[in-house]
Amino acid sequence: MTPPTTEPERSVEIEHAYDVDADTAVPDWSALDGVAVVDGPERRSLDAHYIDTVDAGLARRGVAIRRRTGGPDAGWHLKGPLNDEGRVELRWPLGDDATIPDAIRDTAADWATGDLVPLARIRNERDAYTLRDAEGGVIAEFVDDHVIATDVREGTERTWREWEFELGPAAPTDRTRRTALFAAARDIAYAQGARPASSASKLARALGH
């Protein structure tokens, strides 16, 4: 049964990603200016199935559609192209089965048309940490991801580990201060041995890009 048409939840994802080795220690994020409490880790087992048009028209435009189970944001997700610093993400409920909701199809048609078919599967064992200020507001979420990704068109499997640092509701809204926060987080990550991410996203890496 296709889930009923509902207005999706909307958010803007602003994050930086880093590649890390299998044995790299997680940073002490309490050293980041403004962070009073670090909660976690919370273990999440995530399983995401990505779809696209036959010619990968969505991926070529920086758009991703996935059905993800596990974690607090399980559901159907549509991520728009990178715009300035962030990507708009729309989320619909999972529904009773894996049937693609009509709302997803209609929204995807803004970027590419044609049948939607399986593109990739990304399984991820994630340890999530919440970085809070003195008032309890969420400055950022840091996640430590161990990824197994399959390009279902070719049957190619790839594995890697990466970190993501994503801004939360209590992060600075001023661009200058936000840039400074990311720079400070980058310095802490690099000091632990992290490197710039080798791909633009997990999906891109799953597809060998």
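Relevant structure appears above.
Basis of the calculations
- Residues numbered from 1 in each chain as written.
- Predicted model: local features only at pLDDT ≥ 70, side-chain atom pairs only at ≥ 80, totals over all residues.
- Heavy atoms only, no water.
- Helix = DSSP H or I, 4+ residues; strand = E, 2+ residues; numbered from the N terminus.
- Rg over C-alpha atoms; globule rule 2.2 N^0.38 Å.
- Buried < 20%, exposed > 50% of the residue type's maximum accessible area, 1.4 Å probe, protein only.
- Areas by Shrake-Rupley, 256 points an atom, 1.4 Å probe, with all protein chains shown as cover.
- Lys, Arg positive; Asp, Glu negative; His and termini not counted.
- Charge placed at Lys NZ, Arg CZ, Asp CG, Glu CD.
- Contact = heavy atoms within 4.5 Å.
- 1 Å grid on protein atoms, 1.4 Å probe; cavity = no way out; pocket = protein on both sides within 12 Å on 5 of 7 lines; lining within 4 Å.
- Points joined across faces, edges and corners; volume = space filled by probe spheres on them.
- Nonpolar A, V, L, I, M, F, W, Y, C, P; charged D, E, K, R; others polar.
- Core = buried A, V, L, I, M, F, W, Y, C linked by side-chain atoms within 4.5 Å.
- Pairing = 2+ DSSP bridges.

Engineer: Help me understand the overall build of the chain in this model?
Structural biologist: Helices and strands together make up the secondary structure of the chain, namely 4 helices and 10 strands. In the chain, the succession of helices and strands from N to C terminus is β-β-β-α-β-β-β-α-β-β-β-α-β-α. By the compact-globule yardstick of 17 Å for 209 residues, the chain fits well, its C-alpha radius of gyration being 17 Å. Out of the 209 residues belonging to the chain, those deemed buried represent 44%. Total accessible area computed for the chain in this model is approximately 10,600 Å², and 48% of it derives from carbon and sulfur atoms. Across the chain, the centroid of the 26 positively charged side chains sits 3 Å from that of the 39 negatively charged ones.

Engineer: I'm lost on unusual backbone geometry in this one. Help?
Structural biologist: Across the chain, the bulk of peptide bonds are trans and the bulk of non-glycine residues have phi less than zero. At the junction of glycine 40 and proline 41, the peptide bond is cis and its omega measures out at 10° in the coordinates. Along the chain, the position of proline 41 falls in strand β3 (residues 37–53). Phi at alanine 56 takes a positive value of approximately 55°, unusual for a residue other than glycine. Considering the arrangement of structural elements, one finds alanine 56 in the loop between β3 and α1 (57–60). Judged by its relative accessible area of 12%, alanine 56 falls in the buried class.

Engineer: Help me out: how do you make sense of the environment of alanine 170 in this one?
Structural biologist: With respect to the helices and strands, alanine 170 occurs in the loop between β9 (156–167) and α3 (175–191). Here alanine 170 falls in the partly exposed class, since its relative accessible area comes to 30%. Between the C-alpha atoms of alanine 170 and alanine 140, which are 30 residues apart in sequence, the distance is 7.7 Å. Among residues more than four places away in sequence, those in contact with alanine 170 are Asp133, Gly137, Val138 and Ile139.

Engineer: Please clarify how the layout of surface pockets should be interpreted in this entry.
Structural biologist: Remark: the empty space left among the atoms is shown by a probe the size of a water molecule rolled over them. Approximately 210 Å³ is the volume attributed to the second largest pocket. Looking at the lining of the second largest pocket, the elements that each hand over two or more residues are β3 and β7 (116–132). Element by element, the count of residues in the lining of the second largest pocket is highest for β7, at 6 residues. Class assignment of the residues belonging to the lining of the second largest pocket gives a composition of 11 nonpolar, 1 polar and 2 charged.

Engineer: Would you mind going over the nonpolar core with me for this structure?
Structural biologist: As a rule of thumb, nonpolar side chains are buried together in soluble globular proteins. Counting 21 residues, the largest nonpolar core has Trp29, Leu32, Leu131, Trp163, Phe165, Leu167 and Leu181 as the members making the most contacts within it. The biggest single contributor to this core is α3, with 5 residues. Formed by 14 residues, the second largest nonpolar core is a distinct cluster that contains Trp76, Ala103, Ala108 and Leu116.

Engineer: Hey, could you run me through the pairing of β3 in this one?
Structural biologist: Two faces belong to every sheet, and in a regular strand the side chains alternate between them. The sheet contact formed by β3 and β7 spans 15 bridges and is antiparallel. The residue bridging arginine 44 from the neighbouring strand is arginine 126, located in β7. For β3 and strand β4 (residues 64–69), the ladder comprises 5 bridges, and the chain directions are antiparallel. Along β4, the bridge assignment pairs tyrosine 50 with arginine 66.

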